[in-house]
Amino acid sequence: MLNYIIMCIVPIMILTIIIIATKEKKDIFKLFIEGVLDGLKTVYNIFPYILAITISIGLLKSTGALNILLYPLKPILLKLGIPEDIIPLCIMRPLSGGASMSVVMDIFNTSGPDSVSGKMASIIMGATETTLYTITILFGAIKLKKIRGVLIAGLIADFVAVVTSIILVNLKII
Amino acid sequence: MSKVWCLMLIISIVVALFMGNPDTIINSIMDSGKNATQNVISLIGMMCFWSGIFNVFEKTSAIKKLSKFFSKTIGFLFDKKNLSDTSKEYMCMNLTTNIIGVGNASTVNGIKAIKSLHKDNNENKIPSNNMTVFVLLNTASLQLIPSSMIALRSLYGSESPTAIVIPIWIVTGFSLLTGIIAIKLINKKI
């Protein structure tokens, strides 16, 4: 039942927009086409940023640099009570959505979605975003190089999300 | 951003050279290039569709009402002096799509919003406080119902796929609060 309601949200949103626009006698088709053209330009403009970020993260992973950089972090994270199989997720989550999803699937495969790690992974994945990617796209769209403290604040928020997820699961709230 | 990116490349290349696998560099760039292109190509259709639909929506009067509702509820996060009505409308479309969980649509609306905020800031090279707060809101997952996670959990045979919904709200709440406090402090200092 809940699943059915979830599936209905987006179609209903589209329907509402069309009904409102019809009521106000807008030229829906013309506006839609204009918007699509705008969207096409946007994709064209953000592509260089997507390529740049994909290449740099791919390089960090494939050359093994990421593992070397994170080597000193591991003992600290283990001490904080973070299970070992969650650590790669904590690190990949802000960088890449696809890679962190595959870490989650891996955890589900080995320990199951209702295990301690499985629950932690589900909550972390659902409560955070791909921080670096989002920042790159949004600031890329206006071609700004200075981003002030957004990256730091975003990463702090992600860290808090990881810690609270672990606390919640350890307290056996779920 | 430019520094972070350069550092990532330099470290990777130096590590590859020292570890004795310099060939991975070019292979990895080739793979990433392919992946990025495939991802973007597969996104174009959906992004353009949402861009079209929201172009219809932003020309109706409903957007004004929604925008008013948002200014009343979360308006306190933003500095009202340099905030045009257009920015408000785009930001509220972005937040709505974020909450509903239509990723592509929120990207489209987010880009429009940041462009408009950039204009409010007289296209200054240094982002305004409003811009940093807005981007931060986008780096937090505001999605109310984490549908893809629920689907994945039931796919892997979870007994209660939806058990994570409330914990996710709690966690998002905490992380969003910290993020906002952090960005507000940073905005004051830098």
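Every value quoted in this text rests on a predicted model; they were computed, and no experiment measured them.

J.: Hey, could you run me through the environment of isoleucine 87 of chain A in this one?
T.: Residue and element names in this part refer to chain A. Inspection of the secondary structure assignment puts isoleucine 87 in helix α5 (residues 87-92). Expressed as a C-alpha distance, the spacing of isoleucine 87 and threonine 22, which sit 65 residues apart in the sequence, is 51 Å. Sequence-distant contacts of isoleucine 87, defined by excluding residues within four places in its chain, comprise Lys74, Leu77, Leu78 and Ile82.

J.: In this structure, what is going on with the packing of aromatic side chains? I would like to understand it.
T.: Centre-to-centre distance and the angle between the planes together describe a pair of aromatic rings. Overall, the coordinates contain six aromatic pairs over all chains when judged by the stated rule. Judged by centre distance (5.8 Å) and plane angle (85 degrees), the ring pair of phenylalanine 69 of chain B and phenylalanine 70 of chain B falls under edge-to-face.

J.: What should I look at first to understand helix α2 (residues 28-62) of chain A in this one?
T.: Because the α-helix completes a turn every 3.6 residues, residues three or four places apart line up on one side. All names here are of chain A. Over its 35 residues, α2 runs 48 Å from end to end, which matches the ideal 51 Å to within 8%, given 1.5 Å per residue. Of all the bends in α2, the largest measures some 40 degrees and sits at isoleucine 46, one to four residues before the proline proline 48. Positive phi shows up at glycine 64, right after α2, with a value of about 85 degrees.

J.: Is there a simple way to explain the confidence of the model for chain B in this structure?
T.: Close reading of the predicted structure is inappropriate where its pLDDT is low. Summing up the model confidence of chain B, the mean pLDDT is 90 and the portion of residues at 70 or higher is 99%. Mean pLDDT across the elements of chain B ranges from a minimum in helix α3 (residues 62-74) of chain B, with 86, to a maximum in helix α6 (residues 129-139) of chain B, with 94.

J.: Please clarify how the interface of chain A and chain B should be interpreted in this entry.
T.: The partner chain B presents 89 residues to the 87 residues of chain A that form the contact. For the pairing of chain A and chain B, the buried interface totals around 7700 Å² over both sides, and the portion due to carbon and sulfur atoms is 80%. Linking chain A to chain B there are one salt bridge. Between aspartate 114 of chain A and arginine 153 of chain B there is a salt bridge, with its nearest N and O atoms 3.1 Å apart. Viewed at the interface, chain B and chain A are joined by 21 residue pairs in polar contact (both at pLDDT 80 or more). Those elements that place two or more of their residues in the side of chain A that touches chain B are α1 (2-23), α2, α3 (65-70), α6 (97-111), α7 (116-127), α8 (131-141) and α9 (150-170) of chain A. In terms of residue count, the dominant contributor to the side of chain A that touches chain B is α2 of chain A (25 residues).

Criteria and thresholds
In every chain, residue numbers begin from 1 and rise along the written sequence. Written order determines the labels here, with chains lettered from A and ligands numbered from 1. Given that the model is predicted, a residue must reach a pLDDT of at least 70 before its local features are reported, and side-chain atom pairs must reach 80 or more before they are shown or counted; all residues, however, enter totals for whole chains, interfaces and linings. As a rule here, side-chain values come from all non-hydrogen atoms in the structure, and water together with hydrogens is ignored. Elements are defined by DSSP. Helices are runs of H or I of four residues or more, strands are runs of E of two residues or more, and each kind is numbered from the N terminus. In this description, contact between two residues means that some pair of their heavy atoms is separated by no more than 4.5 Å. Paired rings are identified among Phe, Tyr and Trp, the last through its six-membered ring, by centres lying within 6.5 Å, and are further divided according to the angle between planes into stacked (under 30 degrees), edge-to-face (over 60) and tilted (the rest). Given the number of residues in a helix, its expected span is that number minus one, multiplied by 1.5 Å. Two axes enter the bend calculation: one fitted to the seven residues ending at the residue in question, the other to the seven starting there, and the bend is the angle between them. As a per-residue quantity, pLDDT reports the predictor's confidence and falls between 0 and 100. Two parts placed together each lose some accessible area under a 1.4 Å probe, and adding up what both lose gives the buried area. Salt bridge criterion: a side-chain nitrogen from Lys or Arg within 4 Å of a carboxyl oxygen from Asp or Glu. By the criterion applied in these results, polar contacts are pairs of N or O atoms within 3.5 Å in which, for protein atoms, one can donate a hydrogen and the other can accept it, and in which residues neighboring in sequence qualify only through two side-chain atoms.

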